[in-house]
Amino acid sequence: MNAPRLALAAAFACGISLAAAAQADEAAQADEAAQAGEAAIPGVYDAYQARTDYQLKCQGCHRPDASGDDQSNPPMRGVVARFLSVPGGREFLGRVPGVATVDLPDHRLANLVNWTIHRFDPAHVPANFQPYTKEEIGRLRQNPLRLERAATRARLVAGFAKTHGD
């Protein structure tokens, strides 16, 4: 290879390396900014992981915006934190099949549930909300709701009107 071609090839390779490094740096900064923006969520130790777990484990049924379908995959957007204000609602959130049987360790599931509550229904999070812990999630998921899920949900949702004046 002659000298001009070698110099051109070296410059091209250097340019590609610089562009890749800049792109990686931008991606890292975006991830840090996203995590910093959600880092203050109570009970969420890793917002990026929670968002990723939601994308991989939940949004296929509940949709990316948590709007659900009102049939087999109920909406969470604007609703999920309301369960925390009715008797049995907190336990319900830890026992629904999608939560209780998901293949995540308890600490990541607690992280995900806390993130989901604050992400999709911040207006209804009670002022005295105590984040789910890995121990609580571990205990709740030992007794998942199955056939009684829909009836239990309907009973709890009916209680919303009493606690929220709807």
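Scoring rules and cut-offs
Residues numbered from 1 in each chain as written. Predicted model: local features only at pLDDT ≥ 70, side-chain atom pairs only at ≥ 80, totals over all residues. Heavy atoms only, no water. Helix = DSSP H or I, 4+ residues; strand = E, 2+ residues; numbered from the N terminus. Buried < 20%, exposed > 50% of the residue type's maximum accessible area, 1.4 Å probe, protein only. Contact = heavy atoms within 4.5 Å. Areas by Shrake-Rupley, 256 points an atom, 1.4 Å probe, with all protein chains shown as cover. Salt bridge = Lys/Arg side-chain N within 4 Å of Asp/Glu carboxyl O. Axes fitted to C-alpha atoms, helices over the stretch in contact; angles between N-to-C directions. Parallel < 35°, antiparallel > 145°, perpendicular 65-115°, else oblique. Nonpolar A, V, L, I, M, F, W, Y, C, P; charged D, E, K, R; others polar. pLDDT = per-residue confidence, 0-100. Lys, Arg positive; Asp, Glu negative; His and termini not counted. Polar contact = N/O pair within 3.5 Å; in protein donor to acceptor, adjacent residues only side chain to side chain.

A. Structural detail: the overall build of the protein. Secondary structure summary: the protein contains eight helices and zero strands in total. Its helices and strands in sequence order give the protein the pattern α-α-α-α-α-α-α-α, from N to C terminus. The buried share of the protein, reckoned over its 166 residues, is 38%. Counted over contacts in the protein with a minimum sequence separation of 6, partners at least 24 positions apart contribute 71%. Total accessible area computed for the protein in this model is approximately 9800 Å², and 56% of it derives from carbon and sulfur atoms.

B. Just the environment of Arg-149, in detail. Topologically, Arg-149 is positioned in helix α8 (residues 149-164). Classification of Arg-149 by relative accessible area gives partly exposed; the value is 22%. When the C-alpha positions of Arg-149 and Pro-97 are compared, they lie 8.0 Å apart, and in sequence the two are 52 residues distant. If we ignore the near neighbours within four places in the chain, the residues touching Arg-149 are Ser-72, Pro-74, Phe-92 and Pro-97.

C. Representation of the pattern of salt bridges in the model. In total, this model carries five salt bridges according to the counting rule given. With its nearest N and O atoms 2.7 Å apart, the salt bridge here joins Asp-65 to Arg-77. On the criterion of sequence distance, the pair formed by Asp-65 in the loop between α3 (59-62) and α4 (89-95) and Arg-77 in the loop between α3 and α4 is long-range, its members being twelve residues apart. Judged by its relative accessible area of 36%, Asp-65 is partly exposed. Since its relative accessible area comes to 45%, Arg-77 is described here as partly exposed.

D. Expanded view of the packing of helix α2 (residues 47-57) against helix α6 (residues 106-120). Look at α2 against α6: their axes get within 9 Å of each other, and the N-to-C directions meet at 85°. When the axis of α2 is compared with that of α6, the two are roughly perpendicular. In this structure, α2 contributes Ala-47, Gln-49, Ala-50, Arg-51, Asp-53 and Tyr-54 to the contact, and α6 contributes Arg-108, Asn-111, Leu-112, Trp-115, Thr-116 and Phe-120. For the contact of α2 with α6, the per-class residue count stands at six nonpolar, three polar and three charged.

E. How the structure looks around the side chain of Thr-116. Looking at the secondary structure, you find Thr-116 in helix α6. If we skip the residues at most four places from it in the chain, Thr-116 touches Tyr-54, Met-76, Val-80 and Asp-121.

F. Inspection of unusual backbone geometry at higher detail. Phi is positive for Arg-63, which is not a glycine, with a value near 75°. With respect to the helices, strands and loops of the structure, Arg-63 is situated in the loop between α3 and α4. One non-glycine residue, Ala-66, adopts positive backbone phi at about 65°. When its relative accessible area of 0% is taken as the criterion, Ala-66 is described as buried.

G. Seen up close, the confidence of the model for the protein. On average, residues of the protein score 84 in pLDDT, and 75% of them are at 70 or above. With pLDDT under 50 throughout, residues 17-22 is counted as low confidence; its partners more than four residues away or in other chains account for zero contacts. Contacts from residues 24-36, a stretch scored under 50 in pLDDT, to residues over four places away or in other chains number four contacts.

H. Representation of the side chain of Asp-121 in the model. The topology assignment puts Asp-121 in the loop between α6 and α7 (134-140). Within the buried set, Asp-121 has no salt-bridge partner at all; the shortest N-O distance to an opposite charge, 5.8 Å, is to Arg-82. A polar contact is formed between the side chain of Asp-121 and the backbone nitrogen of Arg-82, at a distance of 3.4 Å.

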